[in-house]
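# Overview (structure and organization)
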Amino acid sequence: MSSYLGVGVSPGNVPVYHGNNLKVIDRRVRVAELILRCLICGLAILSAVLIGTDTQVKEIFSIQKKAKFTDMKSLVFLVIANGLAAAYSLVQVLRCVLSMIRGSVLFNKPLAWLIFSGDQIMAYLTLAAVAAAAQSSVFAKLGQTELQWMKICNMYGKFCNQVGEGIAGALVVSIAMVVLSAISAFSLFRLYGDNKQKNNGRW
């Protein structure tokens, strides 16, 4: 008897479902999802705090100038995106924990579509925010001689370093969101695969 993804074929060509194998796969997927969502929630909060609280005061010609994240719209966008990612991930962590406590296996198609769509939106949002912040940071670090933009980081070194740490954390968040999107896609389309296999088993 051969098997593939928990489905065996008996000598009579009747599909046989190995429930234990499917349960093991479900458990591993849920544990991986929970770990990733906890990681995203923690890192998104850390990134937002690092950037949102970052300030540096510099005295230039007896005038004090204060650098803060609101001076760059891309950093504001990044803080908002990370805040949304943290809140979304916290809700999903609670859902995962409740699902594991109850021992229920994913779920119904409308909920699966909702989670898949939410993960896709958050993945695109975090990637866009990181890309915009990274581009602005490059200009702040290297300047742009053609446009006469100064190398701001030469004056606000501490501010730029802390922003860089926040962007690094946000990058990990965005990558984790992409991985989560793949997991939610697997969970969603597996529902359709299971239904197809069950329908074939009735013939």
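Values in this document were obtained by computation on a predicted structure and should not be read as measured data.

### What to know about the overall build of the protein
A tally of regular secondary structure across the protein gives 4 helices and 5 strands. The N-to-C order of helical and strand elements in the protein reads β-β-β-α-β-β-α-α-α. Taking all 203 residues of the protein together, the buried fraction comes to 36%. Relative to all contacts within the protein whose residues are 6 or more apart in sequence, the contacts with residues 24 or more apart total 73%. Of the roughly 12,200 Å² of accessible surface on the protein, 67% is carried by carbon and sulfur atoms.

### Topic: the packing of aromatic side chains
Counted under the stated rule, the structure contains 1 aromatic pair. Taking the centre distance of 5.8 Å and the plane angle of 80 degrees together, the rings of W113 and F116 count as edge-to-face. A residue pair is termed a helical-turn pair when its members lie 3 or 4 positions apart in one helix, as W113 and F116 do in helix α3 (residues 109-142) at 3 residues. Overall, the relative accessible area of 14% leaves F116 in the buried class.

### A closer look at the environment of L43
In this fold, L43 is placed in helix α1 (residues 19-52). Under the relative-accessibility criterion, L43 is labelled partly exposed at 21%. Measuring from C-alpha to C-alpha, the distance between L43 and N82 comes to 8.6 Å, with 39 residues separating the pair along the chain.

### Quick look at the pattern of salt bridges
Counted by the stated rule, this structure contains 5 salt bridges. When the shortest N-O distance is used, the salt bridge between D119 and R37 registers 2.9 Å. Of the two residues, D119 is situated in helix α3 and R37 in helix α1; the sequence distance between them amounts to 82 residues. Judged by relative accessible area, which is 0%, D119 ranks as buried. If you follow the salt bridges from partner to partner, you end up with E33, R37, R95 and D119 in one network.

Parameters and conventions
Residues numbered from 1 in each chain as written. Predicted model: local features only at pLDDT ≥ 70, side-chain atom pairs only at ≥ 80, totals over all residues. Heavy atoms only, no water. Helix = DSSP H or I, 4+ residues; strand = E, 2+ residues; numbered from the N terminus. Buried < 20%, exposed > 50% of the residue type's maximum accessible area, 1.4 Å probe, protein only. Contact = heavy atoms within 4.5 Å. Areas by Shrake-Rupley, 256 points an atom, 1.4 Å probe, with all protein chains shown as cover. Phe/Tyr/Trp six-rings, centres within 6.5 Å; stacked < 30°, edge-to-face > 60°. Salt bridge = Lys/Arg side-chain N within 4 Å of Asp/Glu carboxyl O.

Function cannot be inferred from these measures alone, as they are strictly geometric.
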